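Okay, here's what each chain looks like letter by letter:
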Amino acid sequence: MDAADEQRFREFVAARSPALIRLGFLLTGGDQHAAEDLVQSALAKLVTRWRRVETPEAYVRQIMYRQQVSWWRTSARRGEVVQASPPESAARDPHHQSELRLVLRSALARLTARQRAVLVLRYFEDLPEQEIAQVMGCSVGTVRSTAHRSLARLREIAPELAQDLEVAT
């Protein structure tokens, strides 16, 4: 990598890191440290292909999604359950919005990695279904049906979010 490429890479990282960490935070179910690790490893893979990648952000997002699914599959075999925060933290927070965030974070953590990724990409990143299908390597129909089933699962897991989820559909 020459000096100009290195400078462009550094500028990309500086400009897009906050958004990528937010995406990682949502993909990991609210684990800040795991999100930072996910972004760091995705950027490490990007730097090796920097010259060949036409759309670096889309490439990094795809890496992040695939790494998270891979991690999820590995941890599912180990039988570990990861929680974003201890249950007693929700009781200490008197503010309604904060409670909703905690409930949403917990509910997202209980979805599969694929379901969580579709919801994050669709409703948080506001990507069109075609682009989500391309990032995830599946059909548009799969994205639609996964989003529909994921929202239904969220309603089942966290009924207190039902009013907020109606806005999303």
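Preceding this paragraph is the structure being described.
Along each chain, numbering runs from 1 in the same order as the chain's sequence is written. Only residues with pLDDT of at least 70 are given local features in this predicted model, and only at 80 or more are side-chain atom pairs given and counted; all residues enter the totals for whole chains, interfaces and linings. Side-chain measures here rest on the full set of heavy atoms in the structure, leaving out hydrogens and waters.

## A closer look at the environment of arginine 22
Relative to the helices and strands, arginine 22 resides in helix 1 (residues 3-27). Burial classification: accessible surface area is computed with a 1.4 Å probe over protein chains only, and a residue below 20% of its type maximum counts as buried, one above 50% as exposed, and the rest as partly exposed. Relative accessible area serves as the criterion here: at 43%, arginine 22 is assigned to the partly exposed category. Spatially, the C-alpha atom of arginine 22 lies 9.6 Å from that of valine 39, the residues being 17 residues apart in sequence. A run of DSSP states H or I qualifies as a helix once it reaches four residues; a run of E qualifies as a strand once it reaches two. Both are numbered from the N-terminal end.

## So, the pattern of salt bridges
Each salt bridge in this description consists of a side-chain nitrogen of Lys or Arg and a carboxyl oxygen of Asp or Glu lying within 4 Å of one another. Across all of its chains, the model carries 9 salt bridges by this definition. Measuring nitrogen to oxygen at the nearest pair gives 2.9 Å for the salt bridge that ties arginine 10 to glutamate 6. You can see arginine 10 and its partner glutamate 6 sitting in helix 1, 4 residues apart, about one turn around the helix. Linking glutamate 57 and arginine 61 is a salt bridge whose minimum nitrogen-to-oxygen distance equals 2.6 Å.

## Digging into the environment of arginine 155
As for its placement among the helices and strands, arginine 155 is situated in helix 8 (residues 140-157). Considered as a pair, arginine 155 and alanine 107 are 48 residues apart in the sequence and their alpha carbons are 9.1 Å apart.

## Quick word on the nonpolar core
Definition of nonpolar core: a set of buried residues of the types Ala, Val, Leu, Ile, Met, Phe, Trp, Tyr and Cys, connected through side-chain atoms within 4.5 Å. In terms of nonpolar packing, the biggest core is built from 41 residues, with Leu43, Leu46, Val60, Met64, Leu121, Met136 and Leu154 touching the most fellow members. Among all residues touching methionine 136, those that are not within four sequence positions of it are Tyr65, Arg114, Val118 and Leu121. Note on definitions: a residue-residue contact is assigned when non-hydrogen atoms from the two residues lie within 4.5 Å.

## Looking at the side chain of glutamine 115
Checked against the element boundaries, glutamine 115 lands in helix 6 (residues 113-124). Owing to a relative accessible area of 17%, glutamine 115 belongs among the buried residues under this scheme. In this structure glutamine 115 touches Thr146, Arg149 and Ser150, once residues within four positions along its chain are discounted.

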